[in-house]
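What the coordinates show
Listed below, chain by chain, are the residues.
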Amino acid sequence: LPRAANALLQQRRYRAALAVLKGFRNGAVYGAKIRAPHALVMTFLFKSGSLREKLKSIAQATYTHSRNLAYFVFTYKGLMALQSRLQGKKIPFHSFFAACIGGWLVFGENNPINSQIIMYLLSRVLFGLSRLAVEKGYVPQPKQDPFPLVAALIWGTVLWLFEYHRQTLQPSLQSSMTYLYDDSNVWHDISDFLVYNKRTDSK
């Protein structure tokens, strides 16, 4: 059986289809590797409930991320192969179109997992487009590194939103900022000043 499988994998005629299948596999594995540790940390830091409930939440988040990424890669690579086969060549629009369809079908539902992924991608897209604009000459090359200004504006804006329009921020960001900026205003004794964030007893 392994010999037959290896022989099949070497068949050039099946290469596009096999690449789609391996893309599905890689999407599932990568999604699980990325989400599981993140969900573990965020759940035990910020969520209440029993151990069983927390583990169920971690498993559900990991499954959703892994499944969605696997579906997206499968859809994207499948549509890329189909377009290339129909037109006889690969052009830049194929990538944009295939990803748009995959994004609509797989990540179109507005839920916490998809929201985090889209926000993650949005920041990378904005940085990438900014660099591309400079490379293409649409925007002059900055004389000084603009990163300090970008950092200042981003932090200034996000803290302003947190302090005065908190409901507009994504829930996990609200939780992180509440821990950092609100919870640090409250203590009763040394135990919840240095050792714990909040007192667990009724003193």
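The structure this text deals with has already been given above.
These numbers come from a predicted model, not from an experiment.

Taking 1.5 Å as the rise per residue, helix α3 (residues 51-87) with 37 residues should run 54 Å; its terminal C-alpha atoms sit 54 Å apart, in good agreement. Downstream of α3 by a residue or two, G88 has a phi angle that is positive, lying close to 80°.

Bringing the packing of helix α2 (residues 15-46) against α3 into the picture now. Two numbers describe how α2 lies on α3: the axes approach to 7 Å, and their chain directions differ by 155°. When the interaxial angle is binned, α2 and α3 end up roughly antiparallel. For the crossing formed where α2 meets α3, the hand is right-handed. Taken together, the residues of the contact of α2 with α3 break down into 23 nonpolar, 9 polar and 3 charged.

A contiguous nonpolar surface patch, about 560 Å² in accessible area, is contributed by L40, V41, F44, L45, L51 and L55. Elements that contribute at least two residues to the nonpolar patch include exactly α2 and α3. Per-element tally for the nonpolar patch: the top contributor is α2, with 4 residues. Inspection of the secondary structure puts V41 in helix α2. Among the residues examined, V41 registers a relative accessible area of 45% and is labelled partly exposed.

Relative to the helices and strands, A7 is located in helix α1 (residues 2-9). A7 gets classed as partly exposed once you look at its relative accessible area, which sits at 42%. The spacing of A7 and K198 is 191 residues in sequence and 61 Å in space, taken between C-alpha atoms.

Bringing the nonpolar core into the picture now. In terms of nonpolar packing, the biggest core is built from 8 residues, these being A39, I58, A61, F72, V106, F107, I113 and I117. The set of elements that each furnish at least two residues to this core consists of α3, α4 (92-107) and α5 (112-135). Considering each element in turn, this core owes the most residues, 3 residues, to α3. Ignoring anything within four residues of it in the chain, the contact list for F72 reads A99, G102, G103, V106 and F107. Judged by nonpolar contacts, the second largest core, of 5 residues, contains L159, F162, L169 and M177.

Conventions and cut-offs
- Residues numbered from 1 in each chain as written.
- Predicted model: local features only at pLDDT ≥ 70, side-chain atom pairs only at ≥ 80, totals over all residues.
- Heavy atoms only, no water.
- Helix = DSSP H or I, 4+ residues; strand = E, 2+ residues; numbered from the N terminus.
- Expected span 1.5 Å × (residues − 1).
- Axes fitted to C-alpha atoms, helices over the stretch in contact; angles between N-to-C directions.
- Parallel < 35°, antiparallel > 145°, perpendicular 65-115°, else oblique.
- Left-handed = near helix turned anticlockwise from the far one by under 90°.
- Nonpolar A, V, L, I, M, F, W, Y, C, P; charged D, E, K, R; others polar.
- Patch = residues over 30% accessible without salt bridge, like charges linked within 9 Å, V, L, I, M, F, W, Y side chains within 5 Å.
- Areas by Shrake-Rupley, 256 points an atom, 1.4 Å probe, with all protein chains shown as cover.
- Salt bridge = Lys/Arg side-chain N within 4 Å of Asp/Glu carboxyl O.
- Buried < 20%, exposed > 50% of the residue type's maximum accessible area, 1.4 Å probe, protein only.
- Core = buried A, V, L, I, M, F, W, Y, C linked by side-chain atoms within 4.5 Å.
- Contact = heavy atoms within 4.5 Å.

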